[in-house]
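# Secondary and tertiary structure notes
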Amino acid sequence: MTPDEFVTRLDCVKSKGRDKWMACCPAHDDKDPSLAVSATPNGKILLRCFSGCSALEITNAMGLGLEDLFPDAHQENPMAFAIREKAAKQKLEQKISHAMTYLQILTASIRDGKSVKNYEIEKGRHLKKFLKDQGAI
């Protein structure tokens, strides 16, 4: 997939120069564009969500795979690609596990009548939405 094809699948795309864009991130409820997209000279697509979404989360939300960010990824070095893909999936699984643990502790604290700060409740809301978006709950 070319970088131009990739950005046509995003919302609120704004050009920021040659082969650089800002767009709403499809991996979270984004109202103000927080996803930076750029292309390297060899056609690789680079992503950075300033809200913290990973490239795997972004491509999954778009119905794509990480391989869509790398032209000829399977032909160039299939083993390196497989290792990167596995590491990205493990990182997402770890993020899901941590979010679930945080929510369990927060829920138990509220249930037991312990003092909970507003920012902890807000973080819990964001984590719950993240887990729903990932299909974990």
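Below you will find a few notes about this structure. (Residues numbered from 1 in each chain as written. Predicted model: local features only at pLDDT ≥ 70, side-chain atom pairs only at ≥ 80, totals over all residues. Heavy atoms only, no water.)

### Regarding the state of the cysteines
- Taken as a whole and judged by the stated rule, the model has zero disulfides.
- Cys49 carries a free sulfur, and the closest cysteine sulfur to it, the one in Cys25, is 3.8 Å from it.
- No disulfide involves Cys53; its sulfur sits 3.8 Å from that of Cys49, the nearest cysteine.
- By relative accessible area, Cys53 is classed as buried at 15%. (Disulfide = S-S within 2.5 Å. Buried < 20%, exposed > 50% of the residue type's maximum accessible area, 1.4 Å probe, protein only.)

### What to know about helix H5 (residues 118-133)
- Taking 1.5 Å of rise per residue, the 16 residues of H5 would be expected to cover 22 Å, and the 23 Å separating its terminal C-alpha atoms lies within 8% of that figure.
- For H5, the complete set of buried residues consists of Gly124, Leu127, Phe130 and Leu131. Projection of H5 onto a plane perpendicular to its axis shows the buried side chains occupying an angular sector of 125°, all on one side. Across H5 from its buried face, at more than 90 degrees, point the exposed residues Asn118, Arg125, His126 and Lys132.
- Once H5 ends, the next one or two residues include Gly135, with phi positive near 75°. (Helix = DSSP H or I, 4+ residues; strand = E, 2+ residues; numbered from the N terminus. Expected span 1.5 Å × (residues − 1). Arc of directions from axis to C-beta.)

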